Amino acid sequence: MTDKIAVISLGCSKNLVDSERLMRMFSDVGYTVTDAADESFFAGESRRHIVVNTCGFIGDAKEESINEILSWGEERRAGNIDGLYVMGCLSERYASQLPDEIPEVDLWYGKTDWAGLVTELARRHPASAPYDRVITTPRHHAYLKIAEGCNRFCAFCAIPLITGRYKSRPVEEIVEEVKMLVARGVREFNVIAQDLTSYGIDIYGRQEIARLVEAISDVPGVDWIRLHYAYPNEFPLELLDVMASRPNVCRYLDIALQHISDNVLSNMRRHITGAETRALLDEIRRRVPGITIRTTLMVGFPGEGEKEFDELVEFVKEQRFDRMGAFAYCEEEDTYAARHLEDSIPEDVKQDRLDRLMKIQEEISAELQQLKVGTVQRVIIDREEDDYYVGRTGADSPEVDPEVLVRKTRPLVRGRFYNVKITDAYPFELAGVPLEDETDN
């Protein structure tokens, strides 16, 4: 009788990579693995285990993780599962508190020691490479985690407290992983780290993200490379030259800016000014014409008065970001801001500012999307719905960016590229018709 194990992954794509690696390890030692505890998981006489990979970044994410654990705790008490295990950021951060509060959990692991669960249950070590994994995304695209941790210690962020100091993976190991995934059909790689721009400093003594991206782009079969998440301070400008010169590196950059007010940026401990931020954006757009910039902004941080918020509003109107997300500041315990800055802005004021900012961005997005009507876009097909295929352009990262709804004028194949003429545009979607000439596949 083969044991079954379902790994429920919450939070960011970096967590997802860890979950996929854990699934591969359990598969190596004979378990049946899945990322969804559906009806088939509960069918048959097998012993069933649940792993919850948690997020502990902000309040909403922590609440989601706790609710997921409690839900499976009820199943554990009812005897519907044989083991419940928790790993990830939440359990790393609250390792001394959670076991007493949720006794239904059999074993707790953190952010870096979760591989021990395999040897604990199976009593033997997996044989696969440490970076091998089960891909749970559509098989043509995968996330590629190049580092763990962060050295930035922004005032609002608990991630360095959870994940520790920045740890880069060697270029050679990452390239081997890419080759392995290409051999399995992956064509699109979304490169992820908490801070791409620091890649290499800890093991090479210098920023090496440009060299790494070049090395990945040299691997035959890599069609798209997309970069998440850059940090504006000490940005390696040589990366822009790689983006501009390599056709399989998408002209796309996810760079969290957080704010534009010097006062707020200083309080945030971002080590950059508003003028330097604008200069960097100008240089990015100059060196990589037509680049899609995704950013994240924060409202309601201590020190943000109406003047500072108005400055942020004007910045958004001026820059006209292709993609922009925003969130209201929520104090996280043990961070610099929690210890030294007063969270004095009322929650309703924060929410009002957030709503106003996102309303402006929605209008900008609608206008920018409309400019694409009549153009021909290279689109990769992700899935098929009843009335259309769903794909993305090189400017669209999975799950967070707009999709392209492609009319069913002829059969299309998931994971292949097609030239699509855009006929309609909406704030967060495009629609189009496939042309008869296919792109290179």
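The structure displayed is predicted, hence computed values, not measured ones.

Caption draft 1: Spatial organisation of the packing of helix α8 (residues 171-183) against helix α10 (residues 209-217). Here α8 crosses α10 at 30°, and the two axes come no closer than 10 Å. As judged from the angle between their axes, α8 and α10 are roughly parallel. Helix-helix and strand crossings are classified by hand; for α8 and α10 the assignment is right-handed. Here Val171, Ile174, Val175 and Val178 of α8 come into contact with α10, specifically with Arg211, Leu212, Ala215 and Ile216. The residue inventory of the contact of α8 with α10, partitioned by class, reads 7 nonpolar, no polar and 1 charged.

Caption draft 2: Structural context of the pairing of strand β3 (residues 48-54). Across the 7 residues of β3, 7 count as buried, placing the element largely inside the fold. Covered by surrounding structure in β3 are Arg48, Ile50, Val52 and Thr54 together with His49, Val51 and Asn53, the residues of both alternating faces. Judged from the 6 bridges that link them, strand β1 (residues 4-9) and β3 form a sheet pairing that is parallel. Following the sheet pairing, Ile8 is matched in β3 by Val52. For the segment spanning β3, helix α3 (residues 59-77) and strand β4 (residues 83-88), crossover handedness is right-handed.

Caption draft 3: Focus on the sheet that holds strand β10 (residues 224-230). Here 6 strands make up an open sheet; going across it, the order is β6-β9-β10-β11-β12-β13 and the pairing parallel. The two strands at the open ends of the sheet, each matched to only one other strand, are β6 (141-145) and β13 (323-328). Going from strand to strand, the sheet's axes swing by 15° on average, the running direction of each strand aside. Two elements, β10 and strand β11 (residues 249-255), share 4 bridges in a ladder whose sense is parallel. Residue His228 lies in a different strand from β11, and its bridge partner there is Asp254. Together, β6 and β9 (188-192) form the strand contacts of α8, whose direction differs from that of β6 by roughly 170°. Packing against the sheet, helix α16 (residues 347-370) makes contact with β12 (292-299) and β13, and its axis sits at approximately 175° to β13.

Caption draft 4: Main features of the side chain of Lys62. Examined against the element boundaries, Lys62 turns out to sit in helix α3. By relative accessible area, Lys62 is classed as buried at 13%. Excluding anything up to four places from it in sequence, Lys62 contacts Cys55, Gly56, Leu90, Arg93, Tyr94, Glu332 and Glu333.

Caption draft 5: Here's a closer look at the sheet that holds β4. Judged by pairing direction, the sheet is parallel, and its 5 strands sit side by side in the order β2-β1-β3-β4-β5 without closing on themselves. For this open sheet the edge positions go to β2 (32-34) and β5 (107-108), each flanked by a neighbour on one side alone. Across 3 bridges, β1 lies against β2 in parallel orientation. Pairing of Ala6 across the sheet is with Thr34, part of β2. Contacts from helix α1 (residues 13-28) reach β1, β2, β3 and β4 within the one sheet, and its direction differs from that of β1 by about 175°.

Conventions used here
- Residues numbered from 1 in each chain as written.
- Predicted model: local features only at pLDDT ≥ 70, side-chain atom pairs only at ≥ 80, totals over all residues.
- Heavy atoms only, no water.
- Axes fitted to C-alpha atoms, helices over the stretch in contact; angles between N-to-C directions.
- Helix = DSSP H or I, 4+ residues; strand = E, 2+ residues; numbered from the N terminus.
- Parallel < 35°, antiparallel > 145°, perpendicular 65-115°, else oblique.
- Left-handed = near helix turned anticlockwise from the far one by under 90°.
- Contact = heavy atoms within 4.5 Å.
- Nonpolar A, V, L, I, M, F, W, Y, C, P; charged D, E, K, R; others polar.
- Buried < 20%, exposed > 50% of the residue type's maximum accessible area, 1.4 Å probe, protein only.
- Pairing = 2+ DSSP bridges.
- Right-handed = clockwise from strand over helix to strand, strands pointing away.

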